[in-house]
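Each chain is listed here by its residues.
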Amino acid sequence: MGRRRIRSRIRKSHFYTFRCLRPKTLEDQEPHVINGPGYTRIVHCNQPHMHLAKVLRYTSNYVSTTRYNLITFLPKCLYEQFHRVANFYFLVAAVLSVFPLSPFNKWSMIAPLIFVVGLSMGKEALEDWRRFMQDVKVNSRKAVVHRGDGDFGRRKWNKIRVGDMSSSYEDGICYVETMNLDGETNLKVKRCLDVTLPLERDDAFHTFSGTIKCEDPNPNLYTFVGNLEYDGQVYPLDPNQILLRDSKLRNTSYVYGVVIFTGHDTKVMQNSTKSPSKRSRIEKRMDYIIYTLFALLVTVSFISSLGFAVMTKMHMQEWWYLRPDKPERLTNPRNPFHAWVVHLITAVLLYGYLIPISLYVSIELVKVLQATFINHDLHMYDSESGTPAEARTSNLNEELGQVDTILSDKTGTLTCNQMDFLKCSIAGTSYGVRASEVELAAAKQMAIDLDEEQGQEMNDLPRTRGRMHGYAKMPSQNSSDIELETVITATDEIDQTQSTGVKGFSFEDQRLMNGNWLNEPNPDDILMFLRILAVCHTAIPEVDEDTGKCTYEAESPDEVAFLVAAGEFGFEFTKRTQSSVFISERHLGQPLEREYKVLNVLDFTSKRKRMSVIIRDEKGQILLLCKGADSIIFDRLSKNGKKYLEATSKHLNGYGEAGLRTLALSYRKLDETEYSIWNSEFHKAKTSVGADRDEMLEKVSDMMEKELILVGATAVEDKLQKGVPQCIDKLAQAGLKIWVLTGDKMETAINIGYACSLLRQGMKQISIALRSEEGSLQDPEAAARESILMQIINASQMIKLEKDPHAAFALIIDGKTLTYALEDDIKYQFLALAVDCASVICCRVSPKQKALVTRLAKEGTGKTTLAIGDGANDVGMIQEADIGVGISGVEGMQAVMASDFSIAQFRFLERLLVVHGHWCYKRIAQMICYFFYKNITFGLTLFYFEAFTGFSGQAIYNDYYLLMFNVILTSLPVISLGVFEQDVSSEVCLQFPALYQQGPKNLFFDWQRILGWMGNGVYASIVIFGLNIGIFDVQSFCSGGQTADMNAMGTTMFTCIIWAVNVQIALTMSHFTWIQHAFIWGSIVMWYIFLALFGRLPPKISGNMFHMLSETLAPAPIYWLTTLLVIAATTLPYLAHISFQRSLNPLDHHIIQEIKHFRIDVQDERMWTRERSKAREKTKIGFTARVDAKIRQLRGRLQRKHSILSVMSGMSGVSASTDTTSTTHHS
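Residues numbered from 1 in each chain as written. Predicted model: local features only at pLDDT ≥ 70, side-chain atom pairs only at ≥ 80, totals over all residues. Heavy atoms only, no water.

An unreviewed UniProt entry annotates the protein as Phospholipid-transporting ATPase originating from Camelina sativa. The annotation that UniProt attaches to the protein under Subcellular location (unreviewed entry) is "Membrane". Per UniProt, the comment on the protein under Sequence similarities (unreviewed entry) is "Belongs to the cation transport ATPase (P-type) (TC 3.A.3) family. Type IV subfamily." (UniProt positions renumbered as here; feature names shortened; annotations may be inferred.)

Concerning the sheet that holds strand β13 (residues 403-408)
Here 9 strands make up an open sheet; going across it, the order is β12-β33-β32-β31-β13-β27-β30-β29-β28 and the pairing mixed. The two strands at the open ends of the sheet, each matched to only one other strand, are β12 (390-391) and β28 (764-768). Summarising the sheet, β12 and strand β33 (residues 901-903) pair through 2 bridges and their orientation is antiparallel. Paired with Glu390 across the two strands is Ser902, which belongs to β33. Lying over the sheet, helix α25 (residues 908-948) contacts β13, β31 (864-869), β32 (883-887) and β33, oriented at roughly 140 degrees with respect to β33. (Pairing = 2+ DSSP bridges. Helix = DSSP H or I, 4+ residues; strand = E, 2+ residues; numbered from the N terminus. Contact = heavy atoms within 4.5 Å. Axes fitted to C-alpha atoms, helices over the stretch in contact; angles between N-to-C directions.)

A closer look at the side chain of Gln849
Its location among the elements puts Gln849 in helix α22 (residues 847-861). Within the structure, Gln849 has its side chain in polar contact with the side chain of Thr819 (distance 3.0 Å). If sequence neighbours within four positions are ignored, Gln849 has contacts with Gly815, Leu818, Thr819, Leu822 and Arg844. (Polar contact = N/O pair within 3.5 Å; in protein donor to acceptor, adjacent residues only side chain to side chain.)

Concerning the sheet that holds strand β7 (residues 210-214)
Strand pairing in a sheet takes place through backbone hydrogen bonds and is either antiparallel or parallel in direction. An order of β1-β7-β8-β9 is seen for the 4 strands of this open sheet, with the pairing classed as antiparallel. Either end of the sheet is taken by a strand with one partner, and the two such strands are β1 (41-45) and β9 (233-237). The mean angle between the axes of side-by-side strands here comes to 20 degrees, regardless of whether they run parallel or antiparallel. Sheet topology note: the strand β8 (residues 226-230)/β9 ladder contains 5 bridges and is antiparallel. From the neighbouring strand, Leu228 faces β9, where its bridge partner is Tyr235.

Some thoughts on the packing of aromatic side chains
In total, this model carries 37 aromatic pairs according to the counting rule given. Taking 5.8 Å as the distance between ring centres and 40 degrees as the angle between the ring planes, the aromatic pair formed by Tyr930 and Tyr933 counts as tilted. Taken together, the positions of Tyr930 and Tyr933, both in helix α25 and 3 residues apart, correspond to about one turn of that helix. The exposure classification of Tyr930 matches that of Tyr933, with both residues buried. (Phe/Tyr/Trp six-rings, centres within 6.5 Å; stacked < 30°, edge-to-face > 60°. Buried < 20%, exposed > 50% of the residue type's maximum accessible area, 1.4 Å probe, protein only.)

Some details on the pairing of β32
Within β32, 5 of the 5 residues are buried, leaving the element largely enclosed by the surrounding structure. Residue alternation in β32 divides its side chains into two sets, Ile883, Val885 and Ile887 and Gly884 and Gly886, and both sets are buried. In terms of strand pairing, β31 meets β32 through 4 bridges, oriented parallel. Across the sheet, Ile868 pairs through a bridge with Val885, a residue of β32.

Brief notes about the nonpolar core
Ranked by internal contacts, the top residues of the largest apolar core, which has 107 residues, are Tyr351, Ile928, Tyr957, Phe1005, Phe1054 and Trp1087. Residues within four places of Phe1005 in sequence aside, it is in contact with Ile282, Arg285, Ile289, Tyr921, Ala925, Ile928, Cys929 and Ile1010. Leu400, Leu736, Phe901 and Leu995 belong to the second largest nonpolar core, which has 58 residues in total. (Core = buried A, V, L, I, M, F, W, Y, C linked by side-chain atoms within 4.5 Å.)

Observations concerning the pattern of salt bridges
Under the counting rule described, the total for this entry stands at 30 salt bridges. Among the ionic pairs, Arg281 bridges to Glu399, the shortest N-O distance being 3.2 Å. With a gap of 118 residues between them, Arg281 in helix α6 (residues 281-315) and Glu399 in the loop between β12 and β13 connect regions that are remote in the sequence. What makes Glu399 buried here is its relative accessible area of 0%. A salt bridge links Arg911 to Asp377, with the nearest nitrogen and oxygen atoms 2.6 Å apart. Note that Arg911 is positioned in helix α25 and Asp377 in the loop between α8 (359-375) and β12, a separation of 534 residues in sequence. By relative accessible area, which is 9% here, Asp377 ends up buried. Each of Arg531, Glu585, Arg594 and Glu618 takes part in one network of salt bridges that share partners. (Salt bridge = Lys/Arg side-chain N within 4 Å of Asp/Glu carboxyl O.)

The structure is reproduced here in structure tokens:
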């Protein structure tokens, strides 16, 4: 492993390891058996030259992540470019244009193709160059390598070879962070063999040599099997001795190591996979449109060639100027089939402009510019971390505007992954008076419900720490104002942590602070609780030399919160050595430093769900301190250890309902004999080699972790990220479904769901779960499968029979149940149920299950899915979804590296979708439709003229006109449409989230709209050709009586096309900047400039276009009048259509545009507010849905009151009438 010199965070003299964790020497363990396939690698330590032999020639350490190199760039990139249908067609056309059959100059076909393909290849080269420069940066890193005779020198990484020695720590230990490999931020301990421990100086390697025989390169990050042959002995190697590439040394200055794997043989490179190729739905549909246009091209070419064959057969004898007495093969009336075949090729070339050659490159350029705007959006810039949003691919911009379902991770995505110590239960007493986010939201809801029941006013309810804010009032006829909840913020104006001033500590209870716990009823138990917090961990303290304060590097954020809390309670963890931890205790006046000898550490695993340390205190007492999941700890309590079990269980239930993460704390006293016997068994298991090593360790650990005494439990809060509830509410109003996929337990996930309003009071929860009795049946698998299927069917039936239109359902399922629900015979019923529910929460799911659920939602619904997460366990679903969004959180960069877009916090997803997604979808959709319109308008005029001239194959336009049409004269306006167009501003997008549904409903790129634009192109082409032919064919062109020749009419017709298509795009745009004006009108001006300059070139170059504008067209009024007439005629249908639509059937954005244009929103704010309230999708999740439900409850309550009062009033009238009649009768 390479030597990495970094700034050590702890001085060597103060940093040690656990001596108890060192593996035993040769006398205590056997080496691995290395033979057979998969175990053929031999490494000669300190002798890299021996690997030059052919049989041992291993790969170099050079790493390349580029797609191309100098040799493969041209062939591979050309293949990618001509794999596209349009580009391949133009390649064939360019080749055919070289032959005499072509109606054009060959360069009019070749030049645009070279420009378009060259630009696309340039983009590919630029992106690959960036990857290459990243590779150069990695390959150029320096390591200190043994050069011989104990001399070490610096060498680049790409020059490091297998067998090289690189500059161990005097204790034979180092700490590494593997965040780049597996997303975990916790530090891992790596240690050397005892036999190599003396090799701690450079000169010790003067004569060092050895041989490593190990497994072949493989992608498994957590296993390694190998042996070291050294000094005639064989020593086993396991993952504890292996430092993987891309892990980082922490708290260690340098290490000595030998290179085993290099370059692409390393485990990190073996794990690297190419990101899946993703294409947007618009791009896929665009292929079908290209096929449609290609079919149109073939059709008109067939008609044209057939017409030419018929004309040749029937009328060739009449065309004396073609010498029918001596016919050529092409015009021989006796062989019309030959004429048809040859002319078909000519026609295919002639009408090629129906297919837009510059479409792909224009779209790529537009998408790159759109991605640039996303990257530079200050509203998505996180000032705290300095992280902007990043579009890591530009291929999916428009897909952001068509999302139907969002699949989100919870921890680090919805929550901060920042743990705050909030409450605890010690000796049956609950401590901590501060409320969690969930408790505050629940208290507010309960207060409103209670007010409804008791008929009290909300003004009489107490406000909790200034957080009961955000109310609107609705008048009632029979009572004073009733206040309604409108929003529950996830973050306060004054955050809770600011009151304590300590990050990770939001605890408030004076009974435990400042040593006051000594006055509590059970101070000994409290003392043990606090010592467990301070001692039971594997964290490393880092002391700030300036302030003297400790910060901690730990395996999880929970441990950091525990240590911070212990410090605040007066038990500060200050130092760790090779065998001890030191705690500064301040509860008895002056601080007293106590040393606890660490004898063993029983590590936490997801299977064990607990961790323990065995220590010896200053009195010599051996203690086992254990913390873990309550269900695990409670099962291991002794009879005498259950004193506080009932009270603690009650407190844990309350903490769980409050959305807090809980752990139970316990201990056990050990005697020397018992510990000594167990310790020998533990070391035997620890140093064993084989597949059953972990099982042996767990079994031995389980022997010790029993007969525990419960002292209490902790409750930490995984806080919601800033703005998460508001973002979810806005996305719900935009019509998006949100599913949460989390590894957390069900109770925690449900409570977080309540906090961010994915769940609410009154929502019917459908919980799909395995029943415990199913495991006792003869075939538990079949019984479980049948049970889950029946639960799904019954739940679906219940939803169908529900008659209340406002009823909302939430689906909750755990990972074990999901295993069966995702099987082929059940998964589509499960999907149908999930789609019918307002929210879906999947708990205890594995990374693979996250990916499978995402795939099911994507393929089963056929709609666009977006997955968002921040950890390595989210990579699968991020890559599986149509769009993957990574959050730059504290769980590493794996998710970001695998994503299509990255943001710093979940709340930025609102703007990414509702603003940029909406804009990009409409821009790309309108841009593509316009592209086809302008090419049909232009291409069909060629067909009409050919038919007019007897299908002669004659082009009416000059070759240079054809060359400039797509590439120069009409390219910039369409790019400005794709980059700058805004139907409404970003503020309005956020105020009217229902506008987003135009994307998922595909209103702007359905076949009706596409065919409408194509029909508009057909109409425009007919008008342009018909008016020009009708005007110039029957009258003189100039005042001198001259008639227009083909060049004058072709130039006039081309002028009309340039004006028509540019005016059309101006009418299409809703938002103008000076850039659009410059591009649109500048393109028209550019045409006249080109015409004037081209006409001044010598006749040898300009040909029949010599002085065409200055002498022929410009002096003729009919030229200008024809242009104006054509502009009016071609735009008339579009103006009529848009006027009809805006007047009688306006879309949402049409109404908003008119309101904004006439400033009605400023003049009538109530109307603007009313329109905003209407412009949202009917949703059953989010704060808005909660408010709507509350309003419905209030209205129902008021209606019931009115009904009761009406009945009572009627009864009073009847009673009064009866009394009067009775009195009269008595009289």
